[in-house]
Amino acid sequence: MPVVQTAGLCKVFRDFWRRPRVEAVKDLNLEIQPGEVFGLLGPNGSGKTTTIKMLLGLLYPTKGRISVFGKPPTDVAVKGRIGFLPEDSYLYRFLVAHETLDYYGRLFRLPSRIRHERADRLLDMVGLRHEAKRRIGEYSKGMARRIGLAQALINDPEFLILDEPTAGLDPIGARQIKDVIRELGRKGKTILLSSHVLADVEDVCDRVTILYGGQQRAAGDIGDLLCQHDVTQITAPRLSPKTVEELRATIQRLEQRDILTVSNPRVKLEDFFLKIVEEAQAANIRTYGARKGGELPEFLQKPAETTAKDVVDSLVEASTRRVEPLPTREPVPMHAPATPASSVIEELIQPQPVKIAAEEPISQPPTPSLDSQRLRKKADLSVIDELLAGRGGDGKPEA
Amino acid sequence: MKTWAVARQMIAEGIRMKIALVFIFLIGMVVLGLPFSISGDSSLTGAVQSFMSYGLTTAGFLLGMLTIFLSRSVSDEMVHRQIFLVMTKPLPRWQYVVGKWLGITLLNAAFLASVGLTIYAMIFYIRYTHPPADDRFDEAELKNEVLVARHALPFKLPDFSQSAEQEFQRNIEEGVYQDVPNFDPAKEKDRLMQKYNARWRVVGPGDFRIFEFENVLCNRSKDNTVQLRYKAQVSGYAPDEIFRALWRFGDPYKGTPVYEIPVRHMVDRFHTIRVPADAAAEDNTLMAYFYNINPYPGEPQYLNVQEFRASDGVEVLFVVGTFEWNLFRTLVLMMCKLMFLAAVSVLMVIVFSFPVACLCSFTVYVLAGARQFLAEALDMSSDDFATMFSSVKEFFVQSLIHIYDMLHWVIPDFARFDPVESFVSGRNVGLVWVLQAVSELVLIKAVIVLGIAILLFHRREVAELSF
Ligand SMILES: Nc1ncnc2c1ncn2[C@@H]1O[C@H](COP(=O)(O)OP(=O)(O)OP(=O)(O)O)[C@@H](O)[C@H]1O
Ligand SMILES: [Mg+2]
């Protein structure tokens, strides 16, 4: 059973005299399977937030049907399984962080002990434990946003809805949210997120839908949508010009084509920034802002679907189905085994620690997405052979 | 429990937002400041009574306003969208509405309780600091007539129908009505009854009247007292503005002692006479004789006519409870009104956004408070035999009256549940009255209003903009 299913969903906003004014969502058919990290993309005003609000029962659809966990979104019991981070932090300015989490915990009828424990863990996670005694009204935008994330997780939701989760966050927070999303995704939770930061979406999502003017313009598996099947990228330890020349000659000989670019990869600014902040934290410099948070709290660590059997079943079903081409109206690139060549090569060649000023290894390369991980296990060397033997690239390899 | 969480949240907001503080400050100023502003030349009873009366009325009004302003929380949550988070939690909408109402109500209860305590404390303060006019008299008057809960009984009006009937028959025999066109015997009998009634209420010099009271269910021991309250209403002002008369209590035929109490009373004022309670007979009746004579030898007697007007009343009062419980019941009555008002303002903020909702709630508050007054005003502006279509003005006035009549279904008459006057005059705020208020204002009307609020809130898309 899909977590979310909509059919012919429409939303028309009307003015005071009930005249239609904005058609925010038009004939939207979504289906989100359990365990999926689903991305909702689209320019400003394309109806992402409106869609999310309808899924949450904050808006009622003008036409069409919605089911969330098989029930209408207004069903109170369904809401107990959902966590929601709105696009802005709509928190009570007069409450302190801890009270905020406590209040939302109460609305889930969590016993007091669990509420306090989870609140502490979550504040740890979002790095605001030390500022927990301050009123939210005093918080900076990003700090409030972190509390927003914490409150979305207080009930250990099976289905997490994040509206622009990285908006307003510093790179640490953004990275951390991505880590959390990935981690939760790996634990089998279902996540729906909308974002403008395409790199984030690319990092974490299994599937995406792109909206424009309230209509679905493209949908599908992110691996499928983005894979450049005609380019191969190789990452290697630093090579001497002589080796590069030799490689070029080899490739010329084997493939009858030239290498397109050779360059030293730059470290991602994200990684660099993280390193600087980590250093400052190690030096114990006082901050009244957010700190780098800790790990995902333990209560979120356990795999999601251990309770209901049917959910487990559908999860298994979903993961097997995922490899198959998804039914969409948009043309999806064909693929025999949907194996991004780059990831296979990545595995073969251990990434070389990239040097930056301080001469120490940077934390870790970004974790590959769920899909590439799963697919990697199935990959065998024959794919490489095939690649090296027959297919080459004439597009631009990515830096 | 989730309802309680919302209520708690509401209370936290009420306390942390400055608005409640401002109101508490205002109420504090009124309650604490009033005793100091009461002028020293009033009697102790007067000082305490005006303090209690102003204190309670103002506190009640301010708490009413506070209630309306506190409900702002709901529309604030919609405008600032905290409601998005609350409504995506497994919180049924009715619990949200009830939680908000409960929060406002509990805040009100706490404020009202502290108002009550402060007033209680301040009474003692006034008692010990008020400049005494006549120490013992003042103290006794306060203790017996204000700081008590007394039950009041009206006297039993004699039956005039026999006299009226007799005169009517006599008139018929004498042929008085022969020439009267459209003669209506019932009306004529009524007129005759009224004539006898009016005659009975007037006591000329040297004359007397008997007032009979039934159900004087007090402790009939000699140490206990019952009180008689009447107004010295004379035909002409005596030069010294003093009316002298004699009251006699007791019924020798029923074996009670008889007490004679001469009075020197300021004219045109209400006066209370205390009588030992054993003047009441075993069958719980009490006889009071009024003699329009001067019992003080050597003092001048002005031949005045005393009139016991129907509007003034002659009452017997006796203590049925303590002042403290009376204060408590008074506060409960006030609380009932606030609970109804809280329901109304929650309803309003669900339908409208803040300033509009506030105005609407305030309108209801005023309508409820001034219902009788408004009804009378409307009635007066309409001509007696006009119909809705006799003129444009009539059309408006009559439609207003009709709308107003319809509003009666929902908007209660607060004046009917205003205990301050009774409380201040040391009368018992009866349990029955309190229960009436609880059932009408809270159990019926507040519940209906909250029900409507819940219904509307269910239909409402919380993410839609509100007006
Ligand atoms: N309550 C509302 N009343 C009227 N129109 C609305 C309302 N909410 C949204 N809209 C309109 O619906 C359209 C879609 O808005 P929506 O908030 O869903 O966009 P979005 O994709 O989330 O955009 P963004 O990326 O800026 O967050 C917009 O044209 C917006 O003006
Ligand atoms: Mg949006």
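Conventions adopted
- Numbering of residues starts from 1 in every chain and runs along the sequence as written.
- Chain labels run from A onward and ligand labels from 1 onward, assigned in the order the entries are written.
- Note on the predicted model: pLDDT of at least 70 is required for a residue's local features to be given, and 80 or more for side-chain atom pairs to be given and counted; whole-chain, interface and lining totals, by contrast, use all residues.
- Note that the side-chain values use all heavy atoms of the structure and ignore hydrogens as well as water.
- In this text, helices come from DSSP runs of H or I with a minimum length of four residues, and strands from runs of E with a minimum of two, each type numbered from the N-terminal end.
- Burial classification: accessible surface area is computed with a 1.4 Å probe over protein chains only, and a residue below 20% of its type maximum counts as buried, one above 50% as exposed, and the rest as partly exposed.
- Contact criterion: two residues are considered in contact whenever any of their non-hydrogen atoms come within 4.5 Å of each other.
- Computed with a 1.4 Å probe, the accessible areas rest on the Shrake-Rupley method; for each residue, only the protein chains presented here act as cover.
- Sites may look incomplete, because water is not among the atoms used; the donor set itself consists of N, O and S atoms within 2.8 Å of the metal (3.2 Å for Na, K and Ca).
- The term buried area refers to how much accessible surface (probe radius 1.4 Å) is lost by two components on association, counted for both of them together.
- Between Lys or Arg on one side and Asp or Glu on the other, a salt bridge is scored when a side-chain nitrogen of the former is within 4 Å of a carboxyl oxygen of the latter.
- Throughout this description, a polar contact denotes any pair of N or O atoms lying within 3.5 Å of each other; where both atoms belong to protein, one of them has to be capable of donating a hydrogen while the other can accept it, and for residues adjacent in sequence the pair is counted only when both atoms sit in side chains.
- Delimitation of the domains relies on an automatic or database domain assignment.
- For each residue, the test is whether any non-hydrogen atom lies within 4 Å of the molecule or strand; if one does, the residue is near.
- Residues are grouped as follows: Ala, Val, Leu, Ile, Met, Phe, Trp, Tyr, Cys and Pro are nonpolar; Asp, Glu, Lys and Arg are charged; every other residue, Gly included, is polar.
- Only strands joined by at least two bridges in the DSSP assignment are considered to pair.
- To get an axis, fit a line to the C-alpha atoms, keeping to the stretch in contact for a helix; angles then go from 0 to 180 degrees between the N-to-C directions.
- We call two directions roughly parallel when the angle between them is under 35 degrees, roughly antiparallel when it is over 145, roughly perpendicular when it lies between 65 and 115, and oblique otherwise.
- Should the near helix be turned anticlockwise from the far one by less than a right angle, the crossing is left-handed, and should it be turned clockwise, the crossing is right-handed.
- Each residue carries a pLDDT score, the predictor's confidence in it, ranging from 0 to 100.
- The criterion for an aromatic pair is that two Phe, Tyr or Trp rings (for Trp, the six-membered ring) have centres within 6.5 Å, with stacked assigned to planes under 30 degrees apart, edge-to-face to planes over 60 apart and tilted to the rest.

## Details of the overall build of chain A
So, point 1. Counting its secondary structure elements, chain A contains 15 helices and ten strands.
So, point 2. The buried share of chain A, reckoned over its 399 residues, is 46%.
So, point 3. Pairs at least 24 residues apart make up 73% of the contacts formed inside chain A by residues separated by at least 6 positions.
So, point 4. When the accessible surface of chain A is split by element, carbon and sulfur atoms take 55% of a total near 20600 Å².

## Observations concerning the overall build of chain B
So, point 1. Helix and strand counts for chain B stand at 15 helices and ten strands.
So, point 2. If one aligns the C-alpha atoms of chain B with their principal axes, the spans along those axes are about 85 × 65 × 40 Å.
So, point 3. A total of 467 residues make up chain B; the buried ones form 49% of that total.
So, point 4. Excluding contacts between residues fewer than 6 apart, the proportion of contacts in chain B whose partners are at least 24 apart in sequence is 80%.
So, point 5. With an accessible surface of roughly 22900 Å², chain B has 62% of that area assigned to carbon and sulfur atoms.

## Quick notes on the coordination of the magnesium ion (ligand 2)
Residue and element names in this part refer to chain A.
So, point 1. Surrounding the magnesium ion (ligand 2) are the protein donor atoms Thr49 (OG1) and Glu87 (OE), at 1.9 to 2.5 Å. Here glutamate 87 lies in the loop between strand E6 (82-85) and helix H3 (97-107) and threonine 49 lies in helix H1 (residues 48-55), a separation of 38 residues in the sequence.
So, point 2. Here threonine 49 falls in the buried class, since its relative accessible area comes to 15%.
So, point 3. We classify glutamate 87 as partly exposed; its relative accessible area is 28%.

## Side note on unusual backbone geometry
Residue and element names in this part refer to chain B.
So, point 1. If you check the backbone angles, asparagine 182 has positive phi at about 50° while not being a glycine.
So, point 2. Structurally, the position occupied by asparagine 182 is in the loop between helix H8 (161-174) and helix H9 (185-201).
So, point 3. Take asparagine 182: its relative accessible area is 77%, and that puts it in the exposed class.
So, point 4. Backbone geometry at aspartate 268 places phi at a positive 65°, although glycine is not the residue there.
So, point 5. Position of aspartate 268 among the secondary structure elements: in the loop between strand E6 (259-266) and strand E7 (270-276).
So, point 6. Aspartate 268 sits in the partly exposed class, given a relative accessible area of 35%.

## What about the interface of chain B and chain A?
So, point 1. Counting residues at the interface gives 32 residues for chain B, matched by 32 residues for chain A.
So, point 2. Of the roughly 3200 Å² buried where chain B meets chain A, counting both sides, 63% is carbon and sulfur surface.
So, point 3. The tally of links from chain B across to chain A stands at two salt bridges.
So, point 4. Arginine 16 of chain B is the partner of glutamate 99 of chain A in a salt bridge, and the nearest nitrogen-oxygen pair spans 2.8 Å.
So, point 5. Linking chain B to chain A there are 13 residue pairs in polar contact (both at pLDDT 80 or more).
So, point 6. The set of elements that each furnish at least two residues to the side of chain B that touches chain A consists of helix H1 (2-16), helix H5 (82-87) and helix H15 (431-459) of chain B.
So, point 7. By residue number, the principal contributor to the side of chain B that touches chain A is H1 of chain B, which donates eight residues.

## Examining the side chain of aspartate 278 of chain B
So, point 1. Of note, aspartate 278 of chain B is situated in the loop between E7 and strand E8 (286-291).
So, point 2. Reaching out from aspartate 278 of chain B, the side chain makes a polar contact with the side chain of tyrosine 259 of chain B at a distance of 2.8 Å.

## Some details on the domain arrangement of chain B
So, point 1. Domain assignment breaks chain B into domain 1 (2-131 + 322-459) and domain 2 (201-313).
So, point 2. Each of domain 1 of chain B and domain 2 of chain B has a C-alpha centre, and these two points are 41 Å apart.

## A word on the site of ligand 1
So, point 1. Around ligand 1, the structure places 17 residues, and the nearest of them are Gly45, Lys48, Thr49, Thr50 and His196 of chain A.
So, point 2. Neighbouring residues of ligand 1 are not confined to one chain but are distributed across chains A and B.
So, point 3. Between an oxygen atom of ligand 1 and a main-chain N or O atom of serine 46 of chain A, the distance comes to 3.1 Å.
So, point 4. Within the contact set of ligand 1, an oxygen atom lies 2.5 Å away from a side-chain nitrogen or oxygen of threonine 49 of chain A.
So, point 5. Protein contact buries 75% of the 630 Å² of open area that ligand 1 shows by itself.
So, point 6. For the shell around ligand 1, the secondary structure elements donating two or more residues are strand E2 (20-28) and H1 of chain A.
So, point 7. Here the residues of the shell around ligand 1 sort into six nonpolar, seven polar and four charged.

## Brief notes about the sheet that holds strand E3 (residues 208-213) of chain B
Residues and elements named next belong to chain B.
So, point 1. Strand order in the open sheet formed by four strands is E3-E8-E5-E6, and the pairing between neighbours is antiparallel. Only two strands of the sheet have a single neighbouring strand rather than two, namely E3 and E6. Across this sheet, the average inter-strand angle for adjacent strands is 25°, counted without regard to direction.
So, point 2. Pairing geometry for strand E5 (residues 242-249) and E8, over four bridges, is antiparallel. Considered in E8, the bridge of phenylalanine 249 is made with alanine 288.

## Topic: the packing of helix H6 (residues 93-129) of chain B against H15 of chain B
All names here are of chain B.
So, point 1. Packing of H6 against H15 brings their axes to within 9 Å, and their N-to-C directions diverge by 135°. What the angle tells us is that H6 and H15 run oblique. Relative to H15, H6 is oriented so that their crossing is right-handed. Here Arg93, Trp94, Tyr96, Val97, Val98 and Trp101 of H6 lie close against H15, whose contacting residues are Leu450, Ala453, Ile454, Phe457 and His458.
So, point 2. Per-class residue counts for the contact of H6 with H15 are nine nonpolar, one polar and one charged.

## So, the confidence of the model for chain B
So, point 1. Looking at chain B, pLDDT values average 86 and 95% of them are 70 or higher.
So, point 2. For this predicted complex, the interface score ipTM comes out at 0.79, while the overall pTM is 0.79.

## Brief notes about the packing of aromatic side chains
Residues and elements named next belong to chain B.
So, point 1. As enumerated under the stated definition, the model contains 34 aromatic pairs over all chains in all.
So, point 2. Summarising the aromatic geometry, the rings of tyrosine 120 and phenylalanine 323 are spaced 6.0 Å apart at their centres and angled 20° between planes, so their arrangement reads as stacked. Of this pair, tyrosine 120 sits in helix H6 while phenylalanine 323 sits in helix H10 (residues 323-351), and the two are 203 residues apart along the sequence.
So, point 3. Note on phenylalanine 323: relative accessible area 5%, which makes it buried.
So, point 4. Here the aromatic rings of phenylalanine 290 and phenylalanine 308 are separated by 5.0 Å at their centres, their planes lie at 90°, and the arrangement is edge-to-face. Taken together, the residues span a long stretch of sequence, with phenylalanine 290 in strand E8 and phenylalanine 308 in the loop between strand E9 (306-307) and strand E10 (315-322) at a distance of 18 residues.
So, point 5. These aromatic residues form a ring-pair network of at least three members: Phe155, Trp200, Phe211, Phe213, Tyr230, Phe243, Trp247, Phe249, Phe290 and Phe308.

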